[in-house]
Amino acid sequence: MSAVALLLEARGLRVGAGTRTLIDGLDLQVHAGELWCVMGPNGSGKTTLLHTLAGLRPLRAGELRLQARAIASWPPAELARQRGLLPQTLHDAFSASALDVVLLGRHPHLGRWAWEDAEDEHIARAALHAVDLDALVGRDVTTLSGGERQRVGIAALLAQDPPLLLLDEPVAHLDLHHQVTVLRHLRKLARERGKAVLLSIHDLNLAARFATHALVLGPNGMLRQGPAESTMDEVVLSAAFGHAVARERVGARIVFVAD
Amino acid sequence: MARALRLWLLLAGLSLAALLLALAVGSSTIAPQDVARLLWQPDASSDSEVLQRLRLPRALAAFGTGGLLALAGALMQVLLRNPLADPYVLGVSGGAAVGALLALLFAGSVLLVQAGAFGGALLSIVLVFALAQRDLSRVDTTARLDSAPRLLLTGVMLAALWSALITLLLMLAPEARLRGMLFWLAGDLGGSDAGGWPLLALAALAALSWPLARELNVLLRGAAMAQALGVRVVRVRRIVYVLASLASAIAVTTGGAIGFIGLVVPHALRLVIGNDQRVLLPACALGGGTLLLLADTLARSVVAPQQLPVGVITALLGVPSFIALLLRRGGTR
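Analysis parameters
- Residues numbered from 1 in each chain as written.
- Chains lettered and ligands numbered in written order.
- Predicted model: local features only at pLDDT ≥ 70, side-chain atom pairs only at ≥ 80, totals over all residues.
- Contact = placed C-beta atoms within 7 Å.
- Helix = DSSP H or I, 4+ residues; strand = E, 2+ residues; numbered from the N terminus.
- Nonpolar A, V, L, I, M, F, W, Y, C, P; charged D, E, K, R; others polar.
- Pairing = 2+ DSSP bridges.
- Core = buried A, V, L, I, M, F, W, Y, C linked by C-beta atoms within 7 Å.
- Buried ≥ 20, exposed ≤ 12 C-beta atoms within 10 Å, placed from the backbone.
- Axes fitted to C-alpha atoms, helices over the stretch in contact; angles between N-to-C directions.
- Parallel < 35°, antiparallel > 145°, perpendicular 65-115°, else oblique.
- Expected span 1.5 Å × (residues − 1).

Student: What am I meant to see in the interface of chain A and chain B here?
Tutor: One frequently used descriptor of interface size is the decrease in accessible area upon assembly of the parts. Contacts between the two partners involve 28 residues from chain A and, on the opposite side, 24 residues from chain B. Elements with a minimum of two residues in the side of chain A that touches chain B: α1 (46-53), α2 (76-82) and β6 (83-86) of chain A. The element contributing the most residues to the side of chain A that touches chain B is α2(A), with four residues. Partitioned by chemical class, the residues of the side of chain A that touches chain B number 16 nonpolar, 10 polar and two charged.

Have a look at this one:
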């Protein structure tokens, strides 16, 4: 394992919003090639954690290093080449074509005076292809459905092409086919191109199928993490969600069924 | 990039044509070839006098003011992420109007009115900036509400206050001064002696905002996305606020509260050329200038020697054509 690059390391991390402390004492190591799924009930701090890990929120306590360098000391543009974040809600106040929105993902790679060139457009089109949006390249994003808009956001993150990808509920609005398409692509990026992926997700079955590692947040500061197979068990998940969850085996797959 | 250049050249050509028209038309018509000759070699004729002393400074002021308004409108729309924003939405024109009306009430020299207008506009800018610090200096990327409601609300509230003060001043004003005050409020370039200064300001502010244009594109997709892509959101927002406010302040000082240009020119251009701020901002500067120049030419020639306030013309011509553009584009979507 020592040969695999450690991309993100948190020690004693405390995360909060307003007066609430949501997560405390989190130690986390994310290596290249890993796909982490963050699970937990509503309001357990998944979004706040992701934004903190992305360096967009100050730490309440602890340390956070991206590639061995304190996250706060990265200049914003350099940071944007090393980690990307897909926010949960995407806001469009004005029209723009899907391609133009995905091209924005190239922003950190361009100098102040540079314009996107053919190479950037090639990357953007490939990203749109990866999320099965070839047919909607020229469509106005304000006319897309929620799931289609979500995939445009994912494509923009793919075009940004950072070593560490953080995604806040990337498959929440997607239909079944595209949930699997997107997660497959992310797994491929982790396996074949050494990316590290950390995403929050509510679908336990998809998480069990695609995650290499799991981080489960629960009430009263409960934290469980480790390889997905061993971490995602009935006891941990039932406690985290405050709801009985059973684990079954269907063919070669593990499925979770809520009581 | 090549497409942008072609577009700017086209708009620049239109600007020159509009300028030629503005210089030729008026209470006396000057032939186009004479316009060109008299511009380079003034002589003692009355045409030369009219051209050099009256029409040229006014045409330059009109172009500069129109460009500033359209630029300010485009920037405000990005800053507030609100398509309804115009240069005056945060109260700049109200502050300027109160300053200008006070000057008209007590003194009335052109210089004092302009000083009053600019002072009032600056006061308004500083007030909004100070009151909306929380919105301008902080970004919460996890917030579900992404626009800048506090900034907008602060501006709108201040505008309401200014508008009450304007009514009060109009009530208190003696009959003899009322007409001048109403003209100022409607937007009028007749009293301006600014000449080329607004144009210079336009060039400077457009040049300062253009390097930020791609960051503005990113900002249009929300603060979270912008921050994640390495845009220094707080800094960019502050700079845009200052640039847009200054542009509005200079425009309103030159021509009074001319409506419509700042709201509609950016939208009309967006519908036609798309929403890349790198292309749009210079296009707004040229397009806004051209439109106001044409409107002002109409305002001073349609019932010559009488003059109409240019703000009335911009609204009368602009509203129907913009609605037509909206309907036409709406049908193709």
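This is not the end of the story, as more comes after the structure.
Student: Got a minute to help me understand the sheet that holds strand β1 (residues 6-17) of chain A in this structure?
Tutor: Within a sheet, neighbouring strands are paired by backbone hydrogen bonds and run either parallel or antiparallel to one another. Residues and elements named next belong to chain A. Pairing is antiparallel in the open sheet, where four strands are placed in the order β2-β1-β4-β5. Across the chains shown, the open sheet's two edge strands, defined by having one partner strand only, are β2 (20-31) and β5 (69-70). Relative to β5, strand β4 (residues 61-66) is paired through two bridges, and the arrangement is antiparallel. Within the sheet, the bridge partner assigned to R65 lies in β5 and is A70.

Student: Can you help me understand the nonpolar core in this one?
Tutor: Burial of nonpolar side chains together is a common tendency in soluble globular proteins. Judged by nonpolar contacts, the single largest core of 183 residues is most densely connected at V102(A), A155(A) and L71(B). Of the residues forming this core, the biggest block, 16 residues, is contributed by helix α3 (residues 46-79) of chain B. Excluding residues within four positions of it along the chain, V102(A) makes contact with A124(A), A127(A), L128(A), V152(A), A155(A), A156(A) and A159(A).

Student: What is the right way to look at the packing of helix α9 (residues 197-209) of chain B against helix α12 (residues 233-255) of chain B in this model?
Tutor: Two quantities define a packed helix pair, namely the angle between the axes and the distance from one axis to the other. All names here are of chain B. Interaxial distance between α9 and α12 falls to 10 Å at its minimum, and their mutual angle equals 170°. By the angle class used here, α9 and α12 are roughly antiparallel. Packed against α9, whose contacting residues are P198, A201, L205, L208 and S209, the element α12 presents L243, L246, A247, I250, A251 and T254 at the interface. Among the residues forming the contact of α9 with α12, the class breakdown is nine nonpolar, two polar and no charged.

Student: So what exactly am I meant to see when it comes to helix α5 (residues 146-160) of chain A here?
Tutor: Quick reminder: α-helices carry 3.6 residues per turn. Residues three or four places apart thus point the same way. All names here are of chain A. The terminal C-alpha atoms of α5 lie 21 Å apart, and with 15 residues this matches the ideal 21 Å at 1.5 Å per residue to within 8%. Counting buried positions over the 15 residues of α5 gives 12, a clear majority of the element. Along α5, the residues that are buried comprise E148, Q150, R151, V152, G153, I154, A155, A156, L157, L158, A159 and Q160. Buried residues belonging to α5 abut β6, α3 (98-103), α4 (118-130), β7 (164-167) and α6 (176-193). The first or second residue beyond α5 is D161, which carries a positive phi of 55°.

Student: Please clarify how helix α13 (residues 261-273) of chain B should be interpreted in this entry.
Tutor: Residue and element names in this part refer to chain B. Over its 13 residues, α13 runs 17 Å from end to end, which matches the ideal 18 Å to within 8%, given 1.5 Å per residue. When we look at burial in α13, the residues that qualify are I261, G262, L263, V264, V265, P266, A268, L269 and R270. In the segment just after α13, G274 is the residue with positive phi, at about 95°.

Student: What exactly am I supposed to notice about the sheet that holds strand β3 (residues 35-39) of chain A here?
Tutor: Residues and elements named next belong to chain A. Across the sheet, which stays open at both edges, the six strands sit in the order β6-β7-β8-β3-β9-β10 with mixed pairing between neighbours. A strand with exactly one partner marks an edge of an open sheet, and here the two such strands are β6 and β10 (223-227). Adjacent strand axes in the sheet meet at a mean angle of 10° when their direction is disregarded. Examined bridge by bridge, β7 and strand β8 (residues 196-200) share four bridges and lie parallel to one another. Among the inter-strand pairings, L164 is bridged to a residue of β8, identified as A196. Lying on the sheet, α1 is in contact with β3, β6, β7, β8 and β9 (213-217); it crosses β8 at an angle near 150°. Those strands touched by α5 are β6 and β7, and its axis lies near 175° from that of β6.

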